[in-house]
Amino acid sequence: MNATAIVLAAGEGTRMKSNHAKVSHQILGKPMIRWVVDATIAAGCERVVVVVGSHADEVRAILADAYADSPVSVETVEQTERLGTGHAVRVALEATGISDGPVVVLNGDLPLIQADTVRLFAETVATGELAATVLTMTPPDPFGYGRIQLDADGAVERIIEQKDCTPEQDAELLECNAGCYAFDGALLAAHIGEVTNDNAQAEYYLPDMLEILKRHGHAVSIFHCEDYRDGLGVNSRVQLAELTAIARDRINERLMTEGVTFIDPAQAWIGPDATIGRDTVVWPQTHLIGTCSVGESCQLGPNTRLTNTRAGNGCVIDETIAVDAVLENDVECGPRAYLRPGTHMLDGSKAGTHVEIKKSTIGEGSKVPHLSYIGDTTMGAGVNVGAGSITCNYDGKNKHATVIGDRTFIGSDTMMVAPVRIGSDAITGAGGTITKDVPDGALALERTDQRVLEGYTERRRARL
Ligand code: UD1
Ligand code: CA
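Source: prediction; values computed, not measured. (Residues numbered from 1 in each chain as written. Chains lettered and ligands numbered in written order. Predicted model: local features only at pLDDT ≥ 70, side-chain atom pairs only at ≥ 80, totals over all residues. Heavy atoms only, no water.)

Undergrad: Sorry if this is basic, but what is going on with a nonpolar patch on the surface here?
TA: The grouping of Phe409, Ile427, Leu443 and Leu445 at the surface amounts to a nonpolar patch, some 390 Å² of accessible area in total. As for its placement among the helices and strands, Leu445 is situated in the loop between strand E41 (443–444) and helix H9 (456–463). Given the relative accessible area of 51%, Leu445 is considered exposed. (Patch = residues over 30% accessible without salt bridge, like charges linked within 9 Å, V, L, I, M, F, W, Y side chains within 5 Å. Areas by Shrake-Rupley, 256 points an atom, 1.4 Å probe, with all protein chains shown as cover. Salt bridge = Lys/Arg side-chain N within 4 Å of Asp/Glu carboxyl O. Helix = DSSP H or I, 4+ residues; strand = E, 2+ residues; numbered from the N terminus. Buried < 20%, exposed > 50% of the residue type's maximum accessible area, 1.4 Å probe, protein only.)

Set out below in structure tokens:
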């Protein structure tokens, strides 16, 4: 599809009362602008132009981070003065020179728009019969939206902004402009300059294009959204929370139809780019952020947050925070495990209670059950790390590596001062500070001999 998408994201977002760009606010861990851009890419748009302005650098950084490797070009155009949505589109057309093909324009605060709708929309203007189509919806509360005024034949006459509505229009016109439009690119470019700012807000309104195109004898049409929720916009924090709840419910309902159990679907926040396999049980207060995948028959949560983390099948992930981690199959984590970037837990391994792991591989069946910090470590298979054992990987300046072989038993409260290598089938005695390499099969003991003073307590009491 040779359609271009123009996403409007330059506005001040005043009603958010925020120090950040409105479109940078997240829904289920993903900035709003990415929901919209992703929908245009999934719809097959060949080129995506995002109009930035207020907090432009912040929005550019989000886009650069997300779409650096995207096969679809996502470019930005700066609208230095925010004179309205019509002005934003004019700036985009002038900067890019786009003047033909279907052009889909979307508000950047329209996160629940579906890719299918965008695709269908672009197609409505592809044949040349229609000059423009606008997506409409009838939400329970139309306040704040532009209202669709129809003519006597039931065709769209014009769109009246909330602030330009008379009380009668406000009460009677319940069909709203969702802020997604398709235009014949040539006609859009030819007439965008005719939009004026003669209205309550003294802004150049993009919706006025419908009236303008009609005046030139072109056909325009509305496309009513069956599910009004697809067309809801975010102007305030209240709406941000409402749309988050809708997005959450939609995702959780889809996952349930795919065979995932939710103990309470209202208390699980699974991002749009996460997958969960069948027979996995999601306990309350679970968050999956970014690109996550969890396999089949896992127990997820309660109180768990995974970010860009992959888990295989049969994992038990209880009260765990994991970031950029990989868990293979049958891995057990928590309660209260913290798996930091670069953690790789191999099959059947365990990171137990109050255990923090960073940039380390925990070998097959190896267990770190209690109160440990393991960093910059390569651990073999079948290792048991006793309670309270720690890798001392940082000398205040540099990080150093610890290597532990297979089947080794790390006694409780062992300090492994890196760089250090502990071989296979070795044992470290409890409480040892291991500063030298331990060969395969050896016992390393590092402790002073215990003194026993018989009858001491009685003597001490007599003294006091
Ligand atoms: C707009 C529509 C309204 C529609 C509603 C749907 C106009 C005039 N009104 O109203 O009919 O019902 O969306 O949610 O278009 N923006 C710019 N540059 C600007 C102004 C805005 O890029 O100069 C961007 C904003 O960042 C935002 C989008 O355009 O993402 C819409 O602007 P907003 O102020 O939210 O418009 P609404 O009042 O919601
Ligand atoms: Ca809006």
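Let's pick the thread back up.
Undergrad: I tried to follow the coordination of the calcium ion (ligand 2) on my own but got confused; where do I start?
TA: Four donors placed tetrahedrally around a metal ideally meet at 109.5 degrees, and six donors placed octahedrally ideally meet at 90 or 180 degrees. In this structure, Asp109 (OD) and Asn235 (OD1) serve as the protein donors to the calcium ion (ligand 2), at separations of 2.2 to 2.4 Å. Here Asp109 is found in the loop between strand E6 (102–107) and helix H4 (115–124), whereas its partner Asn235 is found in the loop between strand E11 (220–224) and helix H8 (237–257), with 126 residues between them in sequence. Across the pair, Asn235 and Asp109 agree in class, each one buried. (Donors = N, O, S within 2.8 Å, 3.2 Å for Na, K, Ca; no water.)

Undergrad: How should I be thinking about the domain arrangement of the chain in this particular structure?
TA: As a measure of interface size, the accessible area lost when the parts come together is often cited. Assigned domains within the chain: domain 1 (4–231) and domain 2 (260–444). Here the C-alpha centre of domain 2 lies 46 Å away from the C-alpha centre of domain 1. Counting residues at the interface gives five residues for domain 1 and six residues for domain 2. Buried area between domain 1 and domain 2, summed over both chains or domains, comes out near 410 Å², and the portion from carbon and sulfur atoms is 66%. The largest per-residue losses of area from domain 1 upon contact with domain 2 belong to Leu28, Gly29 and Lys30, which jointly make up 82% of the total buried on that side. Run the count over domain 1 and domain 2 and you get one salt bridge. Two residues, Lys30 and Asp273, come together in a salt bridge whose shortest N-O distance is 2.9 Å. Seen at the junction of domain 1 and domain 2, the total is one residue pair in polar contact (both at pLDDT 80 or more). For the side of domain 1 that touches domain 2, the class distribution of residues is two nonpolar, one polar and two charged. (Domains from an automatic or database assignment. Contact = heavy atoms within 4.5 Å. Buried area = accessible area lost by both parts, 1.4 Å probe. Polar contact = N/O pair within 3.5 Å; in protein donor to acceptor, adjacent residues only side chain to side chain. Nonpolar A, V, L, I, M, F, W, Y, C, P; charged D, E, K, R; others polar.)

Undergrad: Is there a simple way to explain the pairing of strand E19 (residues 304–307) in this structure?
TA: Working note: regular strand, side chains alternate between the two faces of the sheet. Summarising the sheet, strand E16 (residues 286–289) and E19 pair through four bridges and their orientation is parallel. Within the sheet, the bridge partner assigned to Ile289 lies in E19 and is Thr307. Relative to strand E22 (residues 320–323), E19 runs parallel, the two sharing three bridges. By the bridge assignment for E22, Leu306 is matched with Ala322. (Pairing = 2+ DSSP bridges.)

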